[in-house]
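# Coordinates in review
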Amino acid sequence: MTRSDLVEELAARFSQLTHRDAEYAVKTILDAMGDALVRGHRIEIRGFGSFSINRRPPRMGRNPRSGESVAIPEKRVPHFKPGKALREAVEARTDELRTVTEAR
């Protein structure tokens, strides 16, 4: 699902929202989440999952073309951990699809 798909779904579910309002709502939420992660905060959405920042320490890598050693600096990367309800929903839906596919 893309951002525009999310906007379309939101506008379809809530008829009182115009497409522009739905787009603004999605943009506002995603911007707020991004800002929180940049500040180092953890985001928890109950039943869905949590977003946090993981630290990757500096290390030595290799240039695959020349074989030369390259210093790779420390990085902070976003990490998503799905919540229990999301994991169970995905597993149940996957099992349903697997059963339907095997029955054919």
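Scroll up for the structure.
Residues numbered from 1 in each chain as written. Predicted model: local features only at pLDDT ≥ 70, side-chain atom pairs only at ≥ 80, totals over all residues. Heavy atoms only, no water.

## Examining a nonpolar patch on the surface
Put simply, the test is: Only residues whose relative accessible area exceeds 30% and that form no salt bridge are eligible for patches; like-charged ones are grouped when within 9 Å, while nonpolar side chains (Val, Leu, Ile, Met, Phe, Trp, Tyr) are grouped when within 5 Å. Every accessible area reported is derived by Shrake-Rupley at a probe size of 1.4 Å, with residue values counting cover from the shown protein chains alone. In what follows, salt bridge is the name for a side-chain nitrogen of Lys or Arg lying within 4 Å of a carboxyl oxygen of Asp or Glu. Helix numbering and strand numbering both begin at the N terminus, where a helix is a DSSP run of H or I of at least 4 residues and a strand a DSSP run of E of at least 2.
On the surface, I45, F48 and F80 cluster together into a nonpolar patch covering about 230 Å² of accessible area. Along the chain, the position of F80 falls in strand β5 (residues 75–82).

## Section: the sheet that holds strand β2 (residues 49–56)
The strands making up a sheet are joined through hydrogen bonds of the backbone, oriented either antiparallel or parallel. Our working definition: Paired strands, as defined in this entry, are two strands with at least two bridges between them according to DSSP. The axes are straight lines fitted to the C-alpha atoms, using for helices just the contacting stretch, and the angles between their N-to-C directions are given from 0 to 180°.
The strand order across the open sheet built from three strands is β1-β2-β5, with neighbouring strands paired in antiparallel fashion. In this open sheet, the two strands that pair with only one neighbour each are β1 (43–45) and β5. Averaged over all pairs of adjacent strands, the angle between their axes in this sheet comes to 25°, without regard to strand direction. Two elements, β2 and β5, share eight bridges in a ladder whose sense is antiparallel. By the bridge assignment, G49 is partnered in β5 with P82.

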